[in-house]
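# Architecture at a glance
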Amino acid sequence: MTEYHKLFVFLPALAGTGDICGGIKRKMKYISDKDSAYLRQKYHTDDGSHNNFGRFICHDGRYDMSTGFDAKTMREKLSEYIGTITDTHHSVIKAKAVAYVLEHTPIDLNPCDYFPGIHSLNRVVQGLLNSKWNSEVFGKLLPADVSKTMNLLSRDGAVTIWPDYDHSVPDWDYMLPIGFPGLLENAMKAKADKTARDGELTEAEKGFYDSIEIVLNGVLRLLDRLIAYGEAHESENEKSGTVLPALRRLRCGAPRTVYEVLLFIYLYFIISEHIEVLQVRSLSNLDRVLQPYYIEDRLSGRYEDEDIRTFLAYFLMQFQAIDNYWGQPVYLGGTNDDGTTKICDMSYMILDVYDELGIWNPKIQLKYSESTPKTFVNKALDMIRRNHNSIVFVSEDFIEKALTSKGFTLSEARAADIKGCYEFSPAQTVGSTGTHINLAKPIEYAFFEGTDPNTGNFCGISMGKLEDFDTFDKFLDACIGYAKYFFDESYRCTQQYENYYDYVNPQSLFSSTYRSALEKGQDAYCRGAKAYSTCALLCSIGTAADSLAMVKKYCYDTGEVPLSEMKKALAANFEGCETLRLKLLNDKDKYGNDRDMPDSIAEKYTTALGSYIKGRPCGNCRPNGFWSASLHNARQYIDQGRKTGATPDGRRRGEEMSKNASPSQGAGAGGATGAILSQTKLNGQLFSGDFPLDVSLHPSAVRGEEGLNAMRSLLEVWRIRGGHAIHFNIFDARTLRAAQAEPEKYQDLQIRVCGWNALFNSMDRAEQNQYIRQAEAYQ
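A brief look at the structure comes next. On a predicted model such as this, the values are computed, not experimentally measured, just so you know. (Residues numbered from 1 in each chain as written. Predicted model: local features only at pLDDT ≥ 70, side-chain atom pairs only at ≥ 80, totals over all residues. Heavy atoms only, no water.)

Attention now moves to the pattern of salt bridges. The full count for this structure, using the stated rule, is 51 salt bridges. A salt bridge links Lys191 to Asp210, with the nearest nitrogen and oxygen atoms 3.2 Å apart. With a gap of 19 residues between them, Lys191 in helix α8 (residues 179-198) and Asp210 in helix α9 (residues 203-232) connect regions that are remote in the sequence. Look at Asp210 and you get partly exposed, because its relative accessible area is 29%. Sharing partners across several salt bridges, the network here consists of Lys194, Arg197, Asp198 and Glu205. (Salt bridge = Lys/Arg side-chain N within 4 Å of Asp/Glu carboxyl O. Helix = DSSP H or I, 4+ residues; strand = E, 2+ residues; numbered from the N terminus. Buried < 20%, exposed > 50% of the residue type's maximum accessible area, 1.4 Å probe, protein only.)

It is worth spelling out the sheet that holds strand β10 (residues 531-539) at this point. Spatial ordering of the open sheet is given by β3-β9-β10-β11, a layout of four strands whose pairing is mixed. Taken across any chain shown, the strands that pair with only one partner, and hence form the sheet edges, are β3 (159-160) and β11 (625-630). Inspection of the sheet shows strand β9 (residues 429-438) paired to β10 by nine bridges, in the parallel sense. By the bridge assignment for β10, Thr429 is matched with Ala531. Its contacts with the sheet put helix α27 (residues 596-613) on β10 and β11, and the angle it makes with β11 is roughly 165 degrees. (Pairing = 2+ DSSP bridges. Contact = heavy atoms within 4.5 Å. Axes fitted to C-alpha atoms, helices over the stretch in contact; angles between N-to-C directions.)

The tendency in soluble globular proteins is for nonpolar side chains to be buried as a group. Membership of the largest hydrophobic core comes to 252 residues, with the highest contact counts inside it found for Leu78, Phe315, Phe393, Phe447, Phe475, Phe486 and Tyr605. Ignoring any residue separated from it by four or fewer positions in sequence, one finds Phe447 in contact with Leu466, Phe475, Val551, Leu563, Met566, Lys567, Leu570 and Pro648. (Core = buried A, V, L, I, M, F, W, Y, C linked by side-chain atoms within 4.5 Å.)

As a further point, take unusual backbone geometry. Comment: phi is negative for the bulk of residues other than glycine, and the bulk of peptide bonds are trans. With an omega of 10 degrees, the peptide bond between Asn361 and Pro362 qualifies as cis. Mapped onto the fold, Pro362 is located in the loop between α14 (345-357) and β5 (363-368). Positive phi, normally seen in glycine, also occurs at Asp323, with a value near 65 degrees. Residue position: Asp323 is located in the loop between α13 (305-322) and β4 (329-332). Even without a glycine there, the phi angle at Asn573 is positive, about 55 degrees.

Contact geometry of helix α15 (residues 374-385) with helix α30 (residues 704-720) gives a least axis separation of 10 Å together with a crossing angle of 110 degrees. Put simply, α15 runs roughly perpendicular to α30. Listed contacts from α30 to Lys374, Val377, Asn378, Leu381, Asp382, Ile384 and Arg385 of α15 are Gly704, Gly707, Leu708, Met711, Arg712 and Leu715. (Parallel < 35°, antiparallel > 145°, perpendicular 65-115°, else oblique.)

Bringing the pairing of strand β6 (residues 391-395) into the picture now. Counting buried positions along β6 gives five out of five residues, so the element sits mostly inside the fold. In the sheet, β5 pairs with β6 via five bridges, with the strands oriented parallel. Bridge assignment links Leu366 to a residue of β6, and that residue is Phe393. On the question of chirality, the crossover connecting β5 to the parallel β6 by way of α15 is right-handed. Pairing geometry for β6 and strand β13 (residues 725-730), over two bridges, is antiparallel. Note on β13: the bridge partner recorded for Phe393 is Ile726. (Right-handed = clockwise from strand over helix to strand, strands pointing away.)

Dropping the structure here:
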């Protein structure tokens, strides 16, 4: 036994004490205490330095450091190696760098785990190459006004914009039947076929195929290293009898068992996300993918159900331990071409194991339709009402309508991947985020003639003076005009920098999974995919609609608060105007309560913008690519909220704003039904990027069989009325206040946040208070 492995003999004493997995302290059915303690610390130290926004930072010492370079040495050695590369094509330079890392990164086959340890080395390739190339693009290659415009738009929170490499999914159905060796073989065949078809390849095409060959050979050499290491330590590792044969199998061919499939997915994920620098935003339609292997495992007698549950437990725990703040997506279910459900044995087994582990990462997306079995829906809803709420329902009806309207077949729509938070895309297509537009900021600019009252900065355009808006329709038109201007400027910038996606971050491994990219000889992320989409996220419609409703009601309809007085109150952040602020804050004519006035304003605002954005062509590098709109906002409810002044709904300067297509915190007095009815009055098909709804329910409303039936009825009303994605928080204000006062007693308390889960204790007090306010609104 090596000195490194001796360390983990003493880990049982630490079981349940670390907080890398969010303070999980339960004894796990499928994972021993010793193994659980190792997994908690596999990717990060438990000294309090870990930040789950920096999940790529894996500290030295997690694996056997005698097998490779530590992070500091790797950076130095790789920098030296890159300096010797004479190739000029970025794809080849990066591929050689990735292969170098795969050759020299520390590895481990630990007796406490069924999945290898592969040091991420803090995304060293990104630091040495991608960041440099990105600086070249924005500093030299793009017109000077692009960077200037992006900075101006972002400065005061009107827009948040950056190049996005965070929403791609490899073609798992293409990969799994052929494995890593098959990917290499098919890529080389595609190269030969293109040469025979077109004659001599261009230098760019040669670079494309050469880079794939280099990276995949690097992957195979990594497998050789893992096998050699396992063989050298076989007697020390009781799991070698399972792990080593699986590694040998993946080295020579495609996976054949449930465990080998899980191992393949894990290896691809680590290499792509942590070394080749492209996030893997779905671990596949996991139940459907695993089902045929499960049947074969059981028929052959190779594994019992308990074995397979154990493999699933260790697989799922990898992602809890990696601790990605945004959550690692995986989706279940779906509908077959003949209309029958894809829910199967593995669907139930995955939820069973997930429930038993008590984890919230990976986050689970459930495809939901009329054919989804009631027993499966009830199982998921029961988990949610027990605060196991890292589950989102995604409507297949919505997906089918959205994709078939774009020319995809019903079969392609039904097979579409769910990715990221709840986005969807057909196989062999690539999507990315183009911009986040703050829907509340135009209201501020309408009051202050295009100038931020807090910074004094001019946004670049004025839609007129406040006194010119003598009707509410003119005021609303001005707000729409500002929002369209923000999109136009975002669109202009995005069209420019999208052309450099493969210059900044060429994708060899990812491209090897896309048949269309192999046929074209072009990078899948840029030029080579079957189709593309770029999405404009329209953020905080609840805050915007409520603010507009208050302007209409008090400044125009009743005249109780003249526009000039509202302007003064906003400029003063309601200082000296607390009576007015509370009146606005507590007014029930808000979006989310099924009231016609605020809901019609939300519908007009979103329809004007959604129809303006939908269908715009992507940049030249993304053929057959079009823009879509979304009402998802990720963390912009906080980040843009900090830069947004006081709003006419009673919100103070800098406070968070509403999430997704949901009511503002505390404004939803109409409860879950009101939220669903208000949201589904909007034209969801204009927002095929995302149209998500967050619903909060009091624990008393979901108890017993009646509570379960009520949850299912809400879900069905939402589906029938055209909803896209829905997730639930089940909490009461008393519990949240107790968790705030005594956090050590509530270390596992999760809150569903937009499209992921966060621990209540990890939030700052201001964010916690917003959830308490929301809970009070439903009591």
